[in-house]
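Architecture at a glance
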Amino acid sequence: MTTVRLTRRALASAGVAAGIALAATAGVAWAQSVTLLNVSYDPTRELYQDFNAAFIKHWKAKTGKDVAIKQSHGGSGKQGRSVIDGLPADVVTLALAYDIDAIHERAKLIPADWQKRLPNNSSPYTSTIVFLVRKGNPKGIKDWGDLVKDGVQVVTPNPKTSGGARWNYLAAWAYALRQPGGTEASAKEFVTKLFKNVPVLDPAARGALTTFTERGIGDVFLSWENEAHLATKELGPDKYDIIVPVSSILAEPPVTIVDTNVDKQGTREVAQAYLEYLYSPEGQDIAGKHYYRPRDPKAAEKYKAQLSPVQLFTIDEVFGGWQKAQKTHFSDGGTFDQIYTKR
Amino acid sequence: MAAAITRRVLPGFGLSLGFTLAYLSLIVLVPLAAVFVKTATLSFSEFWAIVSTPRVVATYRLSFGASLLAAAINVVFGVLLAWSLVRYSFPGKKLIDALVDLPFALPTAVAGISLTALYAKNGWLGQYLEPLGIKVAFTPLGVLVALVFIGLPFVVRTVQPVLEDLDVEFEEAAASLGATRWQTVYRVVIPTLLPAILTGFALAFARAVGEYGSVIFIAGNLPMVSEITPLIIITKLEQYDYVGATAVAAVMLVASFILLLLINALQAWTRRSARRIT
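Just so it is clear, the model here is predicted, and its values are computed rather than measured. (Residues numbered from 1 in each chain as written. Chains lettered and ligands numbered in written order. Predicted model: local features only at pLDDT ≥ 70, side-chain atom pairs only at ≥ 80, totals over all residues. Heavy atoms only, no water.)

Bringing the overall build of chain A into the picture now. Counting its secondary structure elements, chain A contains 15 helices and eleven strands. Across the 343 residues in chain A, those meeting the buried criterion constitute 56%. Taking the contacts inside chain A whose residues are at least 6 apart along the sequence as the reference set, 75% of them involve residues at least 24 apart. Accessible surface, chain A as shown: approximately 14800 Å² in total, 56% of it carbon and sulfur. Positive and negative charge centroids in chain A, built from 42 and 36 side chains respectively, lie 5 Å apart. (Helix = DSSP H or I, 4+ residues; strand = E, 2+ residues; numbered from the N terminus. Buried < 20%, exposed > 50% of the residue type's maximum accessible area, 1.4 Å probe, protein only. Contact = heavy atoms within 4.5 Å. Areas by Shrake-Rupley, 256 points an atom, 1.4 Å probe, with all protein chains shown as cover. Lys, Arg positive; Asp, Glu negative; His and termini not counted. Charge placed at Lys NZ, Arg CZ, Asp CG, Glu CD.)

The structure is reproduced here in structure tokens:
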């Protein structure tokens with residue numbers, strides 16, 4: 001009896017000890033290898049692949065800890081919605097501030113002043129909208145004004161579903177508004193004319209690019225600058241030319257940590273470092289390499305050749321911020337609906 | 001006495017019905033109810049304003065119109081196909097039989113992309129159609145083509161087994177009783193097949209109304225011209241307008257439900273009259 005009881009007790013304590021040991025090792029292992037989830041939009045896939053590798057190395061050198069980074073890509077709006085619905089993103093790096101604002105408004109996962117927490121409106125790199133045309137530019141497209149000419153077909157995704165297309169739309173609107181004698185009415189007329197030249201509205205940027213390149217539809221594709229470069233590099237520089245208009249919109253794709261999630265997951269420190277590293281010389285260099293416009297003058301100088309100078313205006317200057325622009329132009333009954341329903 | 005009446009060969013009516021109801025609720029009713037609960041947060045005038053904007057109404061026309069038309073086209077050619085597969089034997093019949101199911105199995109995006117590639121102006125078919133003035137890709141016609149493609153198996157697979165059961169002797173009997181060929185088809189074959197044809201029609205229609213993946217690539221998606229209702233729902237979701245999206249979804253659900261109910265009633269009626277004939 002005693003022996004049996006003894007063994008039993010021994011077994012039990014051994015079990016407990018083993019359990020504790022297991023838990024401890026698991027805990028240590030867990031603490032050492034932290035995983036970050038970066039929820040981003042479509043065209044940043046290649047950029048963050050490179051950047052993540054660099055950051056993992058940097059973090060190891062700085063703290064001796066391992067960090068794994070997972071990426072999720074998709075349309076900016078859809079990605080924002082996933083985070084609102086509970087995707088445990090540590091950081092979000094989306095196409096426009098409006099989608100991140102929604103994370104504050106709808107789910108309160110971040111504070112209202114999230115965009116003031118990092119330098120440059122929390123946008124470590126910028127981009128702009130340029131024109132991708134067929135080789136030799138047979139329709140002679142030089143600036144926004146050429147897009148409304150008869151016989152020019154313009155391909156752009158649907159501004160209602162694509163973040164990039166909203167930049168396209170606003171850039172065209174702002175161009176017309178900034179012409180001598182430009183008014184809201186003349187801008188609307190210009191954009192209405194432009195969209196009469198649009199034969200197909202794909203829901204997302206990559207699909208629209210396919211329509212332009214593979215289906216041979218359209219004379220000009222309104223594109224993110226980095227997508228235009230990627231497309232010419234991937235699909236052959238002998239097929240397409242990039243035309244940089246005289247003026248265009250300064251697209252600021254912002255980044256932020258998702259406070260509620262990083263606090264729950266205990267990843268605030270590394271997530272913060274991850275975003276700050278985007279502003280470091282190395283982060284800026286990677287952004288430039290992937291055809292984003294770096295904020296850092298040194299990196300900007302290095303990639304000057306591939307990022308032609310263009311007069312840039314910001315959404316705050318022309319439209320008074322994203323919330324206002326969204327409401328006036330893209331909400332139900334906004335200008336985009338009007339140009340299609342009042343023909 | 002009552003107990004004697006309800007006694008069955010196999011027991012378990014209560015259990016199986018209970019399970020059926022619980023299962024249906026979990027899989028079908030609860031998600032659908034969520035749509036209506038969300039929609040109910042709107043007042044009726046708000047709801048009406050959302051679902052009756054010209055742009056949304058244009059999509060109902062395209063979605064329901066093209067779906068009905070596609071289902072009708074599938075009925076004609078699906079029955080023809082089923083007839084050939086059942087009544088004749090020819091080399092490669094097994095292969096064609098298997099091909100019919102492909103639209104079931106293919107991811108819809110793949111179907112959409114290949115159809116678009118085919119019918120775009122630089123595609124295999126598009127390059128010959130465009131000079132004739134027929135534009136398929138990026139027009140409502142393209143939507144129809146995609147819906148016909150995904151709906152075909154439904155008609156073939158519902159008609160085929162019924163046709164297999166329909167003995168040739170019936171037709172021979174009709175002929176020996178002096179029926180003309182057309183009368184045989186019209187009075188004997190069609191009435192027998194009609195319930196199955198209607199089921200196939202309903203299934204093809206239902207599938208077409210809800211189809212998103214394949215249509216989106218070929219539609220062109222121009223507001224007022226080639227937008228389908230599911231795209232409106234997605235569009236509203238992209239703008240965080242959950243309530244607006246569910247409102248449109250509710251309209252689609254109710255409309256589809258009524259149409260399907262009508263088709264089912266029609267089918268029950270034809271089944272009764274078919275029984276009277278045979």
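Read on, since the account is not over.
Here we come to empty space enclosed by the protein. Residue and element names in this part refer to chain A. Overall, the coordinates contain three cavities of 30 Å³ or more when judged by the stated rule. Of the voids in this model, the largest cavity is the one considered here, and its volume is about 60 Å³. Lining the largest cavity are Ile129, Pro157, Gly164, Ala165, Asn168, Ala205, Phe221, Leu222, Ser223, Trp224 and Glu227. Elements with a minimum of two residues in the lining of the largest cavity: α5 (163–177) and β6 (220–224). When residues in the lining of the largest cavity are grouped by element, the largest group, four residues, is from β6. Split into classes, the residues belonging to the lining of the largest cavity amount to seven nonpolar, three polar and one charged. Every residue along the wall of the second largest cavity is listed here: Pro43, Glu46, Leu47, Asn226, Leu230, His290, Tyr291 and Tyr292. (1 Å grid on protein atoms, 1.4 Å probe; cavity = no way out; pocket = protein on both sides within 12 Å on 5 of 7 lines; lining within 4 Å. Points joined across faces, edges and corners; volume = space filled by probe spheres on them. Nonpolar A, V, L, I, M, F, W, Y, C, P; charged D, E, K, R; others polar.)

Residue and element names in this part refer to chain A. Applying the stated criterion across every chain, the model contains 23 salt bridges over all chains. Measuring nitrogen to oxygen at the nearest pair gives 2.8 Å for the salt bridge that ties Arg117 to Asp259. Note that Arg117 is positioned in the loop between α4 (97–107) and β4 (125–134) and Asp259 in helix α9 (residues 259–265), a separation of 142 residues in sequence. Judged by its relative accessible area of 33%, Arg117 is partly exposed. The partner of Asp332 in a salt bridge is Lys160, and the shortest N-O contact between them spans 3.2 Å. Of this pair, Asp332 sits in the loop between α14 (322–330) and α15 (335–341) while Lys160 sits in the loop between β5 (154–155) and α5; the two residues are 172 residues apart in sequence, bridging distant segments of the chain. On the basis of relative accessibility, which here comes to 41%, the residue Asp332 falls in the partly exposed class. The exposure class of Lys160 is buried, given its relative accessible area of 1%. (Salt bridge = Lys/Arg side-chain N within 4 Å of Asp/Glu carboxyl O.)

On to the interface of chain B and chain A, then. In this complex, chain B contributes 26 residues to the contact, which on the side of chain A involves 32 residues. For the pair chain B and chain A, the two sides together bury roughly 2400 Å², of which 52% comes from carbon and sulfur. Counting the surface chain B buries against chain A, the share from its top three residues, B:Glu238, B:Gln239 and B:Tyr240, is 32%. If you look at where chain B meets chain A, you find three salt bridges. Where chain B meets chain A, there are 13 residue pairs in polar contact (both at pLDDT 80 or more). Breaking the side of chain B that touches chain A down by element, the ones donating at least two residues are α4 (54–87), α7 (108–119) and α13 (229–238) of chain B. Ranked by the residues each element gives to the side of chain B that touches chain A, the list is headed by α13(B), at five residues. Counted by class, the side of chain B that touches chain A contains 14 nonpolar, six polar and six charged residues. (Buried area = accessible area lost by both parts, 1.4 Å probe. Polar contact = N/O pair within 3.5 Å; in protein donor to acceptor, adjacent residues only side chain to side chain.)

What follows is about the sheet that holds strand β2 (residues 66–72) of chain A. Residue and element names in this part refer to chain A. Strand order in the open sheet formed by four strands is β2-β1-β3-β9, with mixed pairing between adjacent strands. Both outer strands of the open sheet, β2 and β9 (255–257), are each paired with one neighbouring strand and no more. Each adjacent strand pair in this sheet contributes to an overall mean axis angle of 20 degrees, direction not counted. Of the strand pairs in this sheet, strand β1 (residues 33–40) and β2 are connected by seven bridges, and their pairing is parallel. Bridging from a neighbouring strand, Ser33 pairs with Asp66 of β2. (Pairing = 2+ DSSP bridges. Axes fitted to C-alpha atoms, helices over the stretch in contact; angles between N-to-C directions.)

Bringing a nonpolar patch on the surface into the picture now. Residue and element names in this part refer to chain B. Nonpolar side chains collect at one region of the surface, where Phe19, Tyr23, Leu24, Leu26, Ile27, Val28, Leu29 and Leu32 lie side by side and expose about 800 Å² of accessible area between them. Within the secondary structure, Phe19 sits in helix α2 (residues 13–39). Given a relative accessible area of 58%, Phe19 falls into the exposed group. (Patch = residues over 30% accessible without salt bridge, like charges linked within 9 Å, V, L, I, M, F, W, Y side chains within 5 Å.)

To continue, consider the pairing of β4(A). Residues and elements named next belong to chain A. Among the ten residues of β4, nine are classified as buried, and the element is accordingly described as predominantly covered. Here β4 pairs with strand β10 (residues 293–294) via two bridges, running antiparallel. When the bridges of β10 are listed, Tyr125 appears paired with Pro294. One ladder, built from two bridges, connects β4 with strand β8 (residues 247–251); its direction is antiparallel. The residue bridging Ser127 from the neighbouring strand is Ala251, located in β8. Where β4 lies against β6, five bridges are found, and the strand directions are antiparallel. The partner of Phe131 across the bridge, within β6, is Leu222. Across four bridges, β4 lies against strand β7 (residues 240–243) in antiparallel orientation. Paired with Val133 across the strands is Asp241, a residue of β7.

Interpretation note: all reported values are geometric properties and have no functional meaning in isolation.
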